[in-house]
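Structural characterization, general
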Number of protein chains: 2
Amino acid sequence: MRALWLEDRELRVREDVPRPTGETLVKVRLAGICNTDLELTRGYYPYTGVPGHEFVGEDEQGRRVVGEINVACHACATCARGDHTHCERRTVLGIVNRNGAFAEYASLPAENLHPVPDEVTDEEAVFTEPLAAALEIQQQVAIGPGQRVVVLGDGKLGNLVAQTLALTGCVLTVVGRHEAKLELLEKRGIATGTPEARRADVVVECTGQAAGFDEARRLVRPRGTIVLKSTYAGDLTLNMSSVVVDEVTIVGSRCGPFAPALELLKSRKVDVKPLIEARFPLAEAVEAFAEAGRRGALKVLIDTSSNPKI
Amino acid sequence: MRALWLEDRELRVREDVPRPTGETLVKVRLAGICNTDLELTRGYYPYTGVPGHEFVGEDEQGRRVVGEINVACHACATCARGDHTHCERRTVLGIVNRNGAFAEYASLPAENLHPVPDEVTDEEAVFTEPLAAALEIQQQVAIGPGQRVVVLGDGKLGNLVAQTLALTGCVLTVVGRHEAKLELLEKRGIATGTPEARRADVVVECTGQAAGFDEARRLVRPRGTIVLKSTYAGDLTLNMSSVVVDEVTIVGSRCGPFAPALELLKSRKVDVKPLIEARFPLAEAVEAFAEAGRRGALKVLIDTSSNPKI
């Protein structure tokens, strides 16, 4: 089958990637390029194979599905604790030891798949995975009316995080550098601007850059919480003693729950369509990555069902 | 009055330090050298003045007292939130803009002072401040029976942290390098050893060194919590993306509540006396610091009420 292939940080479209077998076969319809995919090409994690973990497809019965990306072993101590997302022997779609969704076909265990409600279009459903990741924050930190919350980053993830946090009634400010992106948020009634230093109860770091942490430290109040959503290649240097003195809490946050994400898309409480920057056929997936990596680009989709560029 | 003086990282005993005025005057009886004091001499924080923040003394009515070290302004936004420990304009006894307890006299606002129960000796009461700091952990993280908890460090603070955590019924292991110190813990029924990697629900970092963080990361389970108690000079470099992937929570933890600390000393649920390494008169406070800085040293006390060495 046709698929995008990543090896030694190089991307190319191949026609000879074997169609996956076993598990539930999914014919991919549409897949999204995530910052993690871009970071894989920068060496964030030494992955060889088909990338892509945000997708909507159809199963062998023709039902539209989206899929949770972590495939658990159901045997390790972490699985025994019920924490399948963190299975110590997991494979991760398009990220760890499992070919991903920038391909004509992908496969996942049936338990990972969620049917897409009829009300949700493909273009919306492809955002289920990053929207679930945004919702993970609220599984970890109690956020409610009146709390001062700052989201750092006005990109794809920052936008989804802001839209989900806005539903909590918190006092939300998004900090970003791109006028057009900030405008998208303002159109939805989300404030953007320059928050006061050391006053935020919660700061969510979605910049995708190590420098975002310093800004989060500057803005969070003593005893406040920094939520980290960014994964990127490279280390971070920080003054940990100041974290102790200010008794700051730092929470790493990754994948989240699909069911409420699909519910938000169905009920139109979150609007993802303005986040679509461009759409490329699978044959031009390398060009799609170039576009997605352009500074300021929002979500670039790869249409795996059609060859001609739309 | 006689006092120990820190300036440009150099310590010396002076006879001409003015006795503090205003607030409540406390005649210091006994004061303890904390790792933070040692770090001040290594440039952790640019402090000039009398160091020392762990003490027992007597007020002008002759009552024995211990004192909370953070003096709040009662005017800033943080104070308005009721979080006086984190007052943005606070002074801190012997650490920030306030002469400390390695002196014949110190002073604090009356609200900072706690009377010492008759059942608690001076040698025990001087541990109230670090014991309160140990108890702060349980103000921040719910720790109870069955949880796997690892304490990194068998020093002064690690010992107190372990003793307070042992009272929760958690499954506790202390990791240390000093046989005599590990024996102190084992005598109290606290397990020491080499915990399995990635299995601890909570790891408390009390090593006082940046390397302790890496060890905490190695031992904590996915979605587990690392509590940081160490403050030290210098920065830490870490892979923050792995904190995101494992969804680890990092909690900075500093000063804690005095009332339960005094209660634990009174009820003898915590035994601090074996932690006393040596006792020096104030006149020999520089030598006391040298002893406290010796690798493996436990608590060194400075007897501010008497001149001759005991």
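Provided above is the structure to which this section pertains.
Here is a short report on the structure shown in this document. (Residues numbered from 1 in each chain as written. Chains lettered and ligands numbered in written order. Predicted model: local features only at pLDDT ≥ 70, side-chain atom pairs only at ≥ 80, totals over all residues. Heavy atoms only, no water.)

**What to know about the interface of chain A and chain B**
Keep this limit in mind: Every residue pair with non-hydrogen atoms within 4.5 Å of one another is taken to be in contact. Buried area is a sum: the accessible area each of two parts loses on coming together, probed at 1.4 Å, counted once for each and added. Salt bridges, as used here, are contacts in which a Lys or Arg side-chain nitrogen is within 4 Å of a carboxyl oxygen on Asp or Glu. Residues adjacent in sequence count toward polar contacts only when both atoms are side-chain atoms; beyond that, a polar contact is any pair of N or O atoms within 3.5 Å, and within protein one must be able to donate a hydrogen and the other to accept it. Counting from the N terminus, the helices are the DSSP runs of H or I reaching at least four residues and the strands are the DSSP runs of E reaching at least two. Each residue is assigned to one class: nonpolar for Ala, Val, Leu, Ile, Met, Phe, Trp, Tyr, Cys and Pro, charged for Asp, Glu, Lys and Arg, and polar for all the others, Gly among them.
If you look at the interface, chain A gives 40 residues, while chain B gives 40 residues. At the boundary of chain A with chain B, total buried surface from both sides reaches about 3600 Å², with 50% on carbon and sulfur atoms. Sorting the residues of chain A by area buried against chain B places A:Met240, A:Val244 and A:Glu247 first, and these three jointly supply 17% of that buried surface. Linking chain A to chain B there are six salt bridges. Connecting chain A to chain B are 20 residue pairs in polar contact (both at pLDDT 80 or more). For the side of chain A that touches chain B, the secondary-structure elements that each account for two or more residues are α4 (128-140), β14 (220-228), β15 (236-238), α8 (240-245) and β16 (249-252) of chain A. Across the side of chain A that touches chain B, the residue classes tally to 16 nonpolar, 10 polar and 14 charged.

**A closer look at the relation of the copies chain A and chain B**
Just so we agree on the cut-off: Only residues with pLDDT of at least 70 in both copies contribute their C-alpha atoms to the least-squares superposition of the copies.
Each copy of the sequence occupies a distinct position, and chain A is placed on chain B by a rotation of 180° and an axial shift of 0.0 Å, giving an RMSD of 0.0 Å. Taken together, the rotation and translation relating the two chain copies correspond to the operation of a two-fold axis. In terms of C-alpha distance to the rotation axis, chain A has A:Thr237 as its closest residue, with the C-alpha 2.1 Å off the axis. A shared binding surface is used by both copies, with 100% of the interface residues of chain A retained as interface residues in chain B.

**A closer look at the packing of aromatic side chains**
Residue and element names in this part refer to chain A. Test applied: Any pair of Phe, Tyr and Trp rings, taking the six-membered ring for Trp, is counted once the centres come within 6.5 Å. Such a pair is stacked with planes under 30 degrees apart, edge-to-face with planes over 60 apart, and tilted for the rest. Exposed residues in this analysis have more than 50% of their type's maximum accessible area, buried residues have under 20%, and partly exposed residues fall in between, with area computed by a 1.4 Å probe over protein chains only.
Inspection of the entire model under this criterion finds two aromatic pairs over all chains. Ring centres of Phe-102 and Phe-289 lie 5.7 Å apart, and the angle between their planes is 85°; this geometry places the pair in the edge-to-face category. With Phe-102 in the loop between β7 (91-92) and β8 (105-108) and Phe-289 in helix α10 (residues 285-293), this pair connects stretches of sequence that are 187 residues apart. Looking at Phe-289, the relative accessible area reads 6%, which means it is buried.

**Examining the pairing of strand β17 (residues 276-281) of chain B**
What counts is decided by this rule: Two strands qualify as a pair provided DSSP detects at least 2 bridges between them.
Relative to strand β18 (residues 299-303) of chain B, β17(B) is paired through five bridges, and the arrangement is parallel. Paired with B:Pro281 across the strands is B:Asp303, a residue of β18(B).

**A few points about the side chain of A:Arg221**
Within the fold, A:Arg221 resides in strand β14. In this structure A:Arg221 comes out as buried when scored by relative accessible area, which is 16%.

**Quick word on the pairing of strand β2 (residues 10-14) of chain A**
Walk down a regular strand and you will see the side chains alternate between the two sheet faces. All names here are of chain A. Both strand β1 (residues 3-7) and β2 contribute to a ladder of five bridges, which runs antiparallel. Looking at β2, one finds that Trp-5 is bridged to Arg-12. In textbook terms, the turn of a hairpin is the stretch between consecutive antiparallel strands, and for β1 and β2 this stretch comprises two residues, one of which, Asp-8, has a positive phi near 50°.

**Things to note about the environment of A:Val116**
Residue and element names in this part refer to chain A. As for its placement among the helices and strands, Val-116 is situated in the loop between β9 (113-115) and α3 (122-125). A relative accessible area of 8% places Val-116 in the buried class. Along the chain, Val-116 and Val-65 lie 51 residues apart, while their C-alpha atoms are 5.3 Å from each other. Leave out the neighbours within four places in its chain, and Val-116 touches Val-56, Arg-64, Val-65, Val-66 and Ala-125.

**Structural notes on the pattern of salt bridges**
Taken as a whole, this structure holds 50 salt bridges over all chains when the rule is applied. The shortest N-O distance in the salt bridge between A:Glu23 and A:Arg98 comes to 2.7 Å. Taken together, the residues span a long stretch of sequence, with A:Glu23 in the loop between β2 and β3 (24-32) and A:Arg98 in the loop between β7 and β8 at a distance of 75 residues. Here A:Arg98 falls in the buried class, since its relative accessible area comes to 13%. A salt bridge links B:Arg217 to B:Asp246; the shortest N-O distance between them is 3.0 Å. One end of the pair, B:Arg217, is in helix α7 (residues 211-219); the other, B:Asp246, is in the loop between α8 (240-245) and β16 (249-252), and 29 residues separate them in sequence. B:Asp246 matches B:Arg217 in its accessibility class, with the two residues each being buried. One salt-bridge network, held together by shared partners, links A:Arg29, A:Glu58, A:Arg64 and A:Asp122.

**A few points about the packing of α4(A) against helix α5 (residues 156-166) of chain A**
Residue and element names in this part refer to chain A. Applied cut-off: Interaxial angle, 0 to 180 degrees, is taken between N-to-C directions of lines fitted to C-alpha atoms, where a helix line uses only the stretch in contact. Every angle not falling under 35 degrees, over 145, or within 65 to 115 is termed oblique; those three ranges are roughly parallel, roughly antiparallel and roughly perpendicular. Two helices cross in a left-handed way if the nearer one is turned anticlockwise from the farther one by less than a right angle. They cross in a right-handed way if the turn is clockwise.
Look at α4 against α5: their axes get within 9 Å of each other, and the N-to-C directions meet at 50°. Taken together, the axes of α4 and α5 lie oblique to each other. Note on packing geometry: the crossing formed by α4 with α5 is right-handed. Touching Pro-130, Leu-131, Ala-134, Leu-135, Ile-137 and Gln-138 of α4 are Leu-157, Leu-160, Val-161, Thr-164 and Leu-165, all from α5.

**A look at α10(A)**
Residue and element names in this part refer to chain A. Our working rule: This arc is taken over the directions from the axis of the helix to the C-beta atoms.
By the burial criterion, the buried members of α10 are Ala-285, Ala-288, Phe-289, Glu-291 and Ala-292. One face of α10 carries all of its buried residues, which in axial projection span an arc of 160°. On its buried face, α10 sits against β1, β2, α1 (35-41), β17 (276-281) and β18 (299-303).

**Some words on helix α6 (residues 179-187) of chain B**
Residues and elements named next belong to chain B. Along α6, the residues classified as buried are Lys-181, Leu-182, Leu-184 and Leu-185. Relative to the axis of α6, the buried residues are bounded by an arc of 150° and lie together on one face. In α6, those exposed residues whose orientation departs by more than 90 degrees from the buried face are Glu-179, Ala-180 and Lys-187. Tucked inside the fold, the buried residues of α6 contact α5 (156-166), β11 (171-175) and β12 (191-192). Just past α6, the residue Gly-189 takes up positive phi, approximately 80°.

Read these as geometric descriptors, not functional statements.
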